[in-house]
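Observations on the model geometry
The lines below spell out each chain.
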Amino acid sequence: MSYNNKGNAKNSLGRLCVLPFIILTYYCTGFSISPTIFQHNFSADTIPFKRNRPVLPAHPNDSLIVPLKSTNPLLKDTIVDTITKNVVDSFTIKGSKDSLDAPVVYHADDSMVLEVPEKKIMLYGKTSDIKYSENDLSAPYIEYNQNNSLVKAHLVKDSLGKVVAFPAFQQGDFKSVIDTIVFNMKTGKGLTKGTYTQQGEMYVYGKTIKKINKDVFYALDTRFTTCNLDTPHFAFVSHKVKFINKKMAFTGPVHPEFEGVPLPITLPFGIFPLAQGRHSGLLAPTFTANEQQGIALENLGYYKVLNDNWDVETRGTLYSYGGWKASIRPRYYKRYHYQGSLSLSLQKYKLLDEPSSNTFAFTWSHNADTKARPGVNFSANVNVTSSKYNSQVTNNPVVNFNNILLSSIRYSKTWKDLPFTFVISANHSQNTNQSYTSFTFPEVSFSVNTLYPFRRKDPAGDLKWYENVGVALNTSAKSQSYFYDSTGHRPVSGQIKENFQFGASHTVPISLSLPPLGPFQVSPSISYNEEWFERKDKYRYDTTLHKIDTLTSRGFYRAYDMAFGVSLSTRIFGMFTFKKHSKIQAIRHEIRPSISFSYHPDFNSKYWYTAKLDTFSQSQPAAYSVFSRNIYTGFSPTKSGSVGLIIDNNLSMKIKSKKDTGEAAIKKVSILDAFSISAFYNLLADTFNLSPITINAHTNLFNKFNVTAGATFDPYQVNNSYQRINKLIMAQKFSLGRLVSANMALQTSFKGGDKKNESTSPILDPQNINPTTGLPLDEYQQEAAYIRNNPGEFVDFSIPWSVDVSYSLLYTKFITQSINFVGFTKSITQSVNFNSSVNLTPKWKIGVTGSYNISTGQLGYASMFLSRDLHCWQMAINVAPVGIFRFFSINISPKSPILRDLKVNRTRTFVNQ
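Let us look at the structure shown here.

So, how was this worked out
Residues numbered from 1 in each chain as written. Predicted model: local features only at pLDDT ≥ 70, side-chain atom pairs only at ≥ 80, totals over all residues. Heavy atoms only, no water. Core = buried A, V, L, I, M, F, W, Y, C linked by side-chain atoms within 4.5 Å. Buried < 20%, exposed > 50% of the residue type's maximum accessible area, 1.4 Å probe, protein only. Helix = DSSP H or I, 4+ residues; strand = E, 2+ residues; numbered from the N terminus. Contact = heavy atoms within 4.5 Å. Patch = residues over 30% accessible without salt bridge, like charges linked within 9 Å, V, L, I, M, F, W, Y side chains within 5 Å. Areas by Shrake-Rupley, 256 points an atom, 1.4 Å probe, with all protein chains shown as cover. Salt bridge = Lys/Arg side-chain N within 4 Å of Asp/Glu carboxyl O. Phe/Tyr/Trp six-rings, centres within 6.5 Å; stacked < 30°, edge-to-face > 60°. Lys NZ or Arg CZ within 6 Å of the ring centre and 35° of its normal.

**Comments concerning the nonpolar core**
The biggest cluster of nonpolar side chains holds 37 residues, and the ones touching the most others in it are Leu137, Ile142, Phe224 and Phe243. A total of 4 residues in this core trace back to one element, the largest contributor, which is strand 19 (residues 234–244). In contact with Phe224, not counting residues within four places along its chain, are Met202, Tyr203, Val204, Ala235, Phe236, Val241, Thr251, Val254 and Phe272. Residues Tyr541, Tyr607, Ala611 and Ile631 belong to the second largest nonpolar core, which totals 13 residues.

Structure follows, in structure tokens:
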């Protein structure tokens, strides 16, 4: 007999209100209740017989309350009292064989039907669901049979044939949407039809899926893809597939389909990794063609996970003309301690019918977590290559034009509660164009923060003026050498030994912080400097042989210097206000003038000499230092007493916004962030007392135009021989002087689209930690290089257009004195860097990036891209028409990173000889 909770009988409806509680006890506790008794008690309209069952204790050590009958014959069937009795493991209740291990929680959105004799329960409703252990099933129709622990569910359609809802099943990490499911709640096994599930980035559809347990299931007539449409643009189709949840998929014969059309390409089997995070495996290559090096198989490699802290990547490239490239790149990472990577690349550059050249590149990056050892830090950033390595890297114009390489390895320690800091480092600098390499090792520095020797240990009240006298120490020592690795020079080891140098520098600054004198701040200072040298050099011109001779003496030498100074500074404010209803409320001008005086005695004139090192009649003898070829080059020989004037300005305004009200309506806008002018006058100099006048300015107009500019003026005149004379230009006319140098840099960026919406482009995640693997993203630079060379694969179609432009100008005017020419020489260098893109349609984008030297009228480098969004696929065409390596590439590939290597690629490279 079945009962529906929407019955009209009032008596039955009242009893059915307690039915879910009865059924829940029946199914979850496992008691064997006779269906006949259950039906009788449910159907009868009389009060059932009460049985005095003991109340089970909640814990074996709890008390058991047993009701007792009275011994009085008059109260034969009356319970008169109870006694409390401790019972431990007095009896057990045997569970039913068909009982479950955990409670079943269910919900019917519309109605619930029970078939008690058959031990079935049916749930109806769009969001009906049933939960047991880690199994969760929601469907418009669910049927549970306790006899065999089977749960059945299927989709439901309305009268128009439209699906009301699909069943959704979750077991642990396995989630799926299905048409029909039959599932055993005890064994965890089940059978589904028309199943959709997602494994990582893979969308899997199986006509029939047999689930063995929560981790393993088999699929029949399976389609898996990275396209999220119900009818995907492409898919891999196989008749039989075995899935290990979130780990791996194994297939029989598999073939691809596009728009439901199978391609005549069949593989005998397939292995598809589904695991998130790191796992070892092959790295697919790319086929390219190079006009000079031949056909290439690029970046074939293998990735190996060594342990939780180490992995390694190896790659190789082969060219048909005999060239090759091999690289190995291990990475290491220990959470909360350190992370880093190393890379070694070997390259044989072989052109057709030309001799080959072997080059190498080595990089090392290391960063320590400052929380691992507070006060101690170690970092490394090493980049060493052969002189010709960067110029021989194909299809990478940014690397081709990079000829300055810098490296640094640094260890530092700061003592807690002590003013000491110790740093030791090694540095490297390389100019690949000149085949020049210099290195510094070690470079040691030790500093003492400002100490106040006259200050009381526990001062009470205001400090005396002399208690603010502070003394600090900065000392450094280093050794360095250099060599040329090009042909025609001595062996490298000999050059390093010959060019080896060492030196040291010490600085002791003494300062005094005085209280403000009204609106003025006075700051006196004293500094002592000392440098150590290992050689002296003296130049002499040999008029007979017409060459310069150098006299060198080696040993230990020292020189010292002192300076005394005092400065006076203040701040002046001015404001111009407008009418109340004006959009511009006020303009604010701030002036920060500073006047200083410094005295520098002459302690070093004995280390300077004058010499004339050419035969040109109009040239004058010049002053040279005997320490000019040391690491530290000594101090100035002149006595000076300079008065300095620096005036800095800041200009801003307050505007009223029509959109906002209250305090938010007034916004501060910067007009001029900084505009400064500075000059110094030496009271003790015999001639040329006034130093060159410098002007610097910076502003960020409308938060769009970032402008930086500077200029230097020589205040003195020149005679007919273009030699400076001790006469000021401003004595003849009102002028700061003769412009000798100027520079300006302008940078701006514009883009269209909705400014409120952030970009959704999955170009690159610049975070330090990968949330999936937990490993550092130290491959960021490698990915960034790939993006620079293939911008068409990483475009954001949500931005309809964008323009980034930077402009730089450098002007110099200097005096040239030679046999053929005497006069002013002007030099103007202008260059523009640009990067722009525009959407031709919502799915087509074109862009160009490059640099242009206005002075020479030549393109530095330029590349263009054309990209097409194909939903789950993308097409990109990249062209570099100028540069050392000119190339083009056409690439069609899925968007998903796990299928990046599944692409159609055509690349051709041409080398400019």
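On we go from here.
**Re unusual backbone geometry**
The omega torsion of the bond from Phe441 to Pro442 falls at -10°, within 30 degrees of zero and hence cis. Examined against the element boundaries, Pro442 turns out to sit in strand 34 (residues 436–451). In this model, Asn299 sits at a positive phi of 60°, which is unusual for a non-glycine residue. When you line up the elements, Asn299 lands in strand 26 (residues 294–305). In this structure Asn299 comes out as partly exposed when scored by relative accessible area, which is 36%.

**Quick look at the environment of Leu274**
Here Leu274 shows up in the loop between strand 23 (270–273) and strand 24 (281–283). Classification of Leu274 as buried rests on a relative accessible area of 5%. Spatially, the C-alpha atom of Leu274 lies 6.2 Å from that of Gln199, the residues being 75 residues apart in sequence. Aside from chain neighbours lying at most four places away, what touches Leu274 is Gln199, Met202, Phe243, Ile244, Lys246, Lys247, Met248 and Ala249.

**Observations concerning a nonpolar patch on the surface**
On the surface, a nonpolar cluster with roughly 920 Å² of combined accessible area is contributed by Leu517, Phe520, Val566, Leu568, Ile595, Phe597, Val643, Leu645, Tyr681, Leu683 and Leu684. Counting residues per element, the ones that place at least two in the nonpolar patch are strand 38 (547–569), strand 40 (584–600) and strand 43 (640–656). Counting through the fold element by element, Val566 comes out in strand 38. For Val566, a relative accessible area of 35% puts it in the partly exposed group.

**So, the packing of aromatic side chains**
Counting across every chain of the model gives 29 aromatic pairs. Members of the aromatic cluster, each reached through a chain of ring pairs, are Phe217, Phe224, Phe234, Phe236, Phe243, Phe258 and Trp873. For Arg724, the ring lying beneath its charged end belongs to Phe688, and the centroid distance is 4.6 Å.

**What to know about the pattern of salt bridges**
If you walk through the whole model with that rule in mind, you get 19 salt bridges. Here Arg629 ties to Asp537 by a salt bridge, and the two come within 3.9 Å at their closest N and O atoms. With a gap of 92 residues between them, Arg629 in the loop between strand 42 (622–625) and strand 43 and Asp537 in strand 37 (residues 521–542) connect regions that are remote in the sequence. A residue is classified by how much of its surface remains accessible, and Asp537, at 1% relative accessible area, is buried. Salt-bridge contacts for Asp714 lead to Arg724; the nearest nitrogen and oxygen are separated by 3.0 Å. Taken as a pair, Asp714 in strand 46 (residues 705–714) and Arg724 in strand 48 (residues 724–728) lie far apart in primary sequence, 10 residues in all. On the accessibility criterion, Asp714 (8% relative accessible area) is buried.

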